[in-house]
Amino acid sequence: MSSFSATARKPFRLFTWIFAAVVLAVLAVIVFYHRELHPPTHLPAAGSRERGWLEAHVSVLAVTPEHEELRLRMSFTPRGALDRGAGVLSRVVRLHADAVGWDEVDLAEGRRIFPHDITLDLTDGEPVDYPFDRYVAELDLLAEIDDEDGKRPIPVDLTFDDSHHGFRFRTHPLPADDHGYGGFKVELERSGLVLGLAIFLMMLAWGVSYVSLRLLSLVLEGSIDVNLDMFVAFTGLLVGMYFFRSVLPELPPISGTLADFLAFLWAEITAALGTVAVGVVWTRRESRNESQK
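A quick note: this is a predicted structure, and the numbers were derived from the prediction, not measured.

Undergrad: Before we go on, may I ask you to explain the sheet that holds strand β2 (residues 53-64) in this structure?
TA: The strands making up a sheet are joined through hydrogen bonds of the backbone, oriented either antiparallel or parallel. Reading across the sheet, the 5 strands line up as β1-β11-β2-β3-β8 and stay open at both edges, with mixed pairing between neighbours. The sheet is open, and its two edges are formed by β1 (41-43) and β8 (116-121), each paired on a single side. Strand-to-strand twist of the sheet, defined as the mean angle between neighbouring strand axes without regard to direction, takes the value 25°. Direction of pairing for β2 relative to strand β11 (residues 156-161): parallel, over a ladder of 6 bridges. By the bridge assignment, E55 is partnered in β11 with D157.

Undergrad: Quick question: what am I supposed to make of the pattern of salt bridges here?
TA: Side-chain pairs of opposite charge can arise where the charged atoms are in close proximity. This model, assessed by the stated rule, comprises 12 salt bridges. Across the pair R94 and E104 runs a salt bridge, and its minimum N-O distance is 3.2 Å. With R94 in strand β6 (residues 93-97) and E104 in the loop between β6 and β7 (105-107), this residue pair connects regions lying 10 residues apart in the sequence. Take E104: its relative accessible area is 48%, and that puts it in the partly exposed class. Close ionic contact of E189 with R168 constitutes a salt bridge, the shortest N to O distance being 2.2 Å. Of this pair, E189 sits in strand β13 (residues 182-190) while R168 is found in strand β12 (residues 167-174), placing the two residues 21 residues apart along the sequence. The structure contains a network of salt bridges with shared partners spanning R94, E104, D106 and D146.

Undergrad: Which parts of the structure should I look at to understand the layout of surface pockets?
TA: One water molecule sets the probe size; rolling that probe over the atoms shows where empty space is left. If you add up the space inside the largest pocket, you get close to 470 Å³. Along its surface, the largest pocket is lined by 26 residues, and A45, A46, P155, V156 and A176 are the ones closest to its centre. Taken together, the residues of the lining of the largest pocket break down into 16 nonpolar, 6 polar and 4 charged. The space that makes up the second largest pocket amounts to roughly 190 Å³. F32, R35, E36, H38, D162, F167, R168, F169, S191, G192 and L193 are the residues that line the second largest pocket. No other element matches β12, which puts 3 residues into the lining of the second largest pocket. For the lining of the second largest pocket, the residue count by class is 4 nonpolar, 3 polar and 4 charged.

Calculation criteria
Counting of residues starts from 1 at the beginning of each chain's written sequence and follows it residue by residue. In view of the model being predicted, local features appear only for residues whose pLDDT reaches at least 70, and side-chain atom pairs are presented and counted only at 80 or more, with totals across whole chains, interfaces and linings using the full set of residues. Note: side-chain values were computed over all heavy atoms of the structure, leaving out hydrogens and water. Pairs of strands are assigned from DSSP output, requiring at least two bridges between the strands. A run of DSSP states H or I qualifies as a helix once it reaches four residues; a run of E qualifies as a strand once it reaches two. Both are numbered from the N-terminal end. Geometry is summarised by axes, namely lines fitted to C-alpha atoms with helices restricted to the contacting stretch, and by angles between N-to-C directions that run from 0 to 180 degrees. Between Lys or Arg on one side and Asp or Glu on the other, a salt bridge is scored when a side-chain nitrogen of the former is within 4 Å of a carboxyl oxygen of the latter. For each residue, the accessible area found with a 1.4 Å probe, counting protein chains only, is set against the maximum for its type, and the residue is called buried under 20%, exposed over 50%, and partly exposed in between. The rule is simple: put a 1 Å grid over the protein atoms alone, call a set of points where a 1.4 Å probe fits but cannot get out a cavity, call an open set with protein on both sides within 12 Å along at least five of seven lines a pocket, and count a residue as lining if it has an atom within 4 Å of a point. Grid points are joined across faces, edges and corners, and a volume is the space filled by probe spheres set on the points. Nonpolar residues are Ala, Val, Leu, Ile, Met, Phe, Trp, Tyr, Cys and Pro. Charged residues are Asp, Glu, Lys and Arg, and all others, Gly as well, are polar.

Here it is as C-alpha cells:
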C-alpha cells in the first residue's frame, strides 16, 4: 500500500509543479501587459508666450508597419492670450505639419479646436524583420498667427501619450528650428511582452523541428514500425504548424518574416521531410508485401 502511494505521489508532484509554473507565467504576462501603459511624455516648447500658446495632446491610434505608417490623433487647447474661455480660440491659428497627406489647417477664431488625425512615415525598418523590427518616425509641427510684422510662430507644448500595446516608444524632443518647426522623434520596437512571447513560440517550433528530425532518423534506421499512425502524426505537424504560426502576437499580415526563416519554416520543412519519408517507406513495404503474396 505504501509503495502504491509513493508511486502515485510522484505524478501528482509533477502536475503540481507544472500547474504552478503555468499560473506564474499567466501572472507574469498580465503584469507585463499592464506595464505597457505608462504616463505620457511632456515636451514643453521654447519661445515667447506673450501672444499665447497651444497645448497639444498626441495619442497613438495605430501602428501599421506593413504600410509604413504611424497614425496619431492631436487634440489642441489654447492657452494664455489665445484662450477666449472654455477652450475657444481668440484668433485664427494656422497649423503646419510635416506628415503624410497633411494640408495647411486654419483653426477658426471663436471656435473650439476639434481633434486632427495625422499620419507619419515609419522609416529605417522593415516589417519582415519581425519580431526584431525597429522604426523611426518624426513629427514636425508649426503653429502661426498673423501679426503686424507678418506671420509669427507660437509655442506648442506637446504631450505624447505613447501607451500602445505591442510597441515600445522612445521619445526624443526636437527643438524648434529657425522657421519655428518643433516636435519630437520616436523610435519604435516590439514591446518586451511581444518579443518574449514570439521567442517562446519560436523555441516551441524548434522543439517540433527536433522531434520531427528524431522521428525521421528512427524511421530511416528502421528502429520503429512505420504505419498509418506515424504518417498521420507527421501530416498533423505539417498542417498544425501553419496555424500555430498565426498565434504569434502582433504578427504582420505578411509571409516570410525573420521569425519564419529562424524557426517556423524549419518546423514545416522537417515535418514535410518526415511525411515524405514515412510515405515512401510505407508504400515500398506495402508493395513488397503485395509482391510476396
